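Results of the structural survey
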Amino acid sequence: MEETIFYKYPEKLMRATGYIHPSSGELIELTANEKNIYVVMKKRNAFFDKHFDKQEDISELSGVSLKQTGRILRSFIDNEIIVANKGSSGQHKNWRYEKVAPLNLYQQKTQG
C-alpha cells in the first residue's frame, strides 16, 4: 500500500490572493498550482540546502502538469522567489535550486 504524504500549507498562503514582488513591489497573483509548486520547493529547499530536481519530479510531487510546472518555476525564478542556476549533473544540465524566498503575501477581500 502506498503511503499518503501530506504537505503543510500555512493558512496565510492558502488564503492569499498573491504575493508582492521583492524588488518592484508589483502585486503578483498566485494560483492553486503555483501554491502547490511553492510548498513543494520550499520543503525540498529546507531539506536540501542546494538541490537538483528534474522538472518531471517536481511535477509529480506537486500534482501539476509538466508544462505548467516549467512555466511556474520560470515565473518564480524571474520574480526572484526561487534562486536557481543552470548546473551540470553528469551529461544532463539541470537547474540547481539554491534558495526559495519567503513570500510577502497579500489577500484581497472578495465582495459579497
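Anything mentioned here points back to the structure above.
Residues numbered from 1 in each chain as written. Predicted model: local features only at pLDDT ≥ 70, side-chain atom pairs only at ≥ 80, totals over all residues. Heavy atoms only, no water.

**Concerning the overall build of the protein**
Tallying secondary structure elements over the protein gives 4 helices and 6 strands in all. Seen in sequence order, the protein has helices and strands lined up from the N terminus as α-β-β-α-β-α-α-β-β-β. Considering the protein as a whole, with its 112 residues, one finds that 36% of them fall into the buried category. The contacts of the protein with a sequence gap of at least 6 include a subset with a gap of at least 24, amounting to 58%. (Helix = DSSP H or I, 4+ residues; strand = E, 2+ residues; numbered from the N terminus. Buried < 20%, exposed > 50% of the residue type's maximum accessible area, 1.4 Å probe, protein only. Contact = heavy atoms within 4.5 Å.)

**Notes on the environment of Gln107**
With respect to the helices and strands, the residue Gln107 is situated in the segment after strand 6 (105–106). Separated by 88 residues in the primary sequence, Gln107 and Tyr19 place their C-alpha atoms 8.5 Å from one another. In this structure, Gln107 is in contact with Arg15 and Thr17, ignoring residues within four places of it in sequence.

**Re the sheet that holds strand 2 (residues 27–29)**
What the 3 strands build is an open sheet, ordered 2-1-6; its pairing is antiparallel. The open sheet has two edge strands with one neighbour each: strand 2 and strand 6. Across 3 bridges, strand 1 (residues 18–20) lies against strand 2 in antiparallel orientation. Note on strand 2: the bridge partner recorded for Ile20 is Leu27. (Pairing = 2+ DSSP bridges.)

**Here's the deal with helix 3 (residues 55–62)**
Every buried residue belonging to helix 3 is among Ile58, Ser59 and Ser62, and all of these are buried. Buried positions in helix 3, seen along its axis, are confined to an arc of 100 degrees and lie on one side of it. Positive backbone phi, approximately 75 degrees, marks Gly63, located one or two places after helix 3. (Arc of directions from axis to C-beta.)

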